[in-house]
Amino acid sequence: MTLFGGIEAGGTKFVCAVGSGPEDIRGEIRFPTTTPEETFGRAIEFFKDQPEPVSAIGVGTFGPVDLNPKSPKFGYITMTPKPGWANTDFVGALRRVFDVPIGFDTDVNAAALGEHRWGAAQGLDTFLYLTIGTGIGGGAMVEGNLLHGLIHPEMGHCYLPHDRKGDPYSGSCPYHGDCFEGLACGPAMEGRWGQRAETLPADHPAWELEAEYISLALSCYVTILSPQRIILGGGVMEGPGLFPLVREKTQQKLNGYVQVPEILDKIAAYIVPPGLGNKSGVLGAIALARQAYGG
Ligand code: ZN
């Protein structure tokens, strides 16, 4: 059996796993994201300690990152506001130790690839994976390829209509204030309502407003990317009743314009949670490794 390594690199924690897929995870470890040296060191040690070597490693990471193979900074985390992590050579740190193919992409593109291979996007070629948690990020597969383009999508940072009378909260994004992430990520909910999202009761107006912002964004993504399905992951989406509200409001916003049964009649199968649950990220990293290996 060929084994692969996966690294889900988040701003607060790293998850590393070795295996070949969801039914075959041989080892897994998670640890806090500290300095690049210490954090990469722990990941490298984990893979070196495995009884069998990995044939390729996949990395799905927070960013922004450089995904252009022709760029001298390919494989770097580029300009993150996370202290100590700007301009960090992620792929190089692995390459110095492991002589195997290395797949590298954003955390959300990796999750999208994992969902495509084993989860809620099997059989599709154009879809969206969006996570709404500590931040908001989107990965997309477009006609069979993960979308990179100029750098890679930054779907959390688009501006949405913001009615400041109804919602005076000025937003939490350090770059834009009230972009989608600034209005609707977990920390924005906490900033607006003064308590953590997971403690807000089902009848709290927070959920209606949250669904409003998410559906505004989704209706844009539907018209721009024409995804065959939208997968919504991240801790905030576990909020009570949020999925039905988001589906209903997205339908309302599109207002019958996109005339397909997926949206008009079968929206519950169109806007869905991840098929891999909270494992999309690390399994996606293994899927990236498999892709880099050529299988
Ligand atoms: Zn922003």
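Since the model is a prediction, treat every value here as computed from it, not as a measurement.

Enquirer: Tell me about the coordination of the zinc ion, and please be specific about residues and values.
Expert: In this structure, H157 (ND1), C173 (SG), H176 (ND1) and C179 (SG) serve as the protein donors to the zinc ion, at separations of 2.1 to 2.4 Å. Between the four donor atoms coordinating the zinc ion, the angles at the centre fall across 102 to 119°, so the site counts as tetrahedral. Summarised as a motif, the one-chain spacing of the donors to the zinc ion is H-x15-C-x2-H-x2-C. Judged by relative accessible area, C173 falls into the buried class, the value being 7%.

Enquirer: Give me the sheet that holds strand β7 (residues 102-106): which residues, what numbers.
Expert: The strands making up a sheet associate through backbone hydrogen bonding, with each pair oriented either parallel or antiparallel. Here five strands make up an open sheet; going across it, the order is β3-β2-β1-β4-β7 and the pairing mixed. Each edge of the open sheet carries a strand with a single partner, namely β3 (24-32) and β7. With strand direction ignored, the average angle separating the axes of adjacent strands in the sheet is 15°. As judged from the five bridges shared by strand β4 (residues 56-61) and β7, these two strands associate in the parallel manner.

Enquirer: Give me the nonpolar core: which residues, what numbers.
Expert: It is characteristic of soluble globular proteins that their nonpolar side chains tend to be buried jointly. Counting residues in each nonpolar core, the largest one holds 39 residues, and the members touching the most others are L130, F180, I214, L218 and L232. Only β8 (127-132), β9 (136-142), α4 (180-184), α5 (186-193), α6 (205-225), β11 (230-233) and α7 (242-254) provide two or more residues apiece to this core. Ignoring sequence-local partners within four residues, the contact set of F180 consists of L130, I132, I136, M155, G156, C158, L160, C185, Y213, I214, A217 and Y221. Within the second largest apolar cluster, 28 residues are counted, among which are A9, F46, I77 and V100.

Enquirer: Outline the environment of E52, listing residues and values.
Expert: If you trace the backbone, E52 turns up in the loop between α1 (36-48) and β4. Taking relative accessible area as the criterion, E52 reaches 37% and is therefore assigned partly exposed. C-alpha separation for the pair E52 and T2, spaced 50 residues apart in sequence, amounts to 9.3 Å. The contact partners of E52, leaving out residues within four places of it in the chain, are M1, L3 and R26.

Enquirer: Give a description of the pattern of salt bridges that names residues and reports values.
Expert: Under the definition given, this model contains 11 salt bridges. Here K279 ties to E28 by a salt bridge, and the two come within 2.9 Å at their closest N and O atoms. In this pair, K279 sits in the loop between β12 (271-272) and α9 (280-293) while E28 sits in strand β3, placing the two residues 251 residues apart along the sequence. Residue class for K279 comes out partly exposed when judged on its relative accessible area of 29%.

The rules behind each value
- Residues numbered from 1 in each chain as written.
- Predicted model: local features only at pLDDT ≥ 70, side-chain atom pairs only at ≥ 80, totals over all residues.
- Heavy atoms only, no water.
- Donors = N, O, S within 2.8 Å, 3.2 Å for Na, K, Ca; no water.
- Tetrahedral: all angles 85-135°; square planar, octahedral: opposite > 155°, others 65-115°.
- Buried < 20%, exposed > 50% of the residue type's maximum accessible area, 1.4 Å probe, protein only.
- Pairing = 2+ DSSP bridges.
- Helix = DSSP H or I, 4+ residues; strand = E, 2+ residues; numbered from the N terminus.
- Axes fitted to C-alpha atoms, helices over the stretch in contact; angles between N-to-C directions.
- Core = buried A, V, L, I, M, F, W, Y, C linked by side-chain atoms within 4.5 Å.
- Contact = heavy atoms within 4.5 Å.
- Salt bridge = Lys/Arg side-chain N within 4 Å of Asp/Glu carboxyl O.

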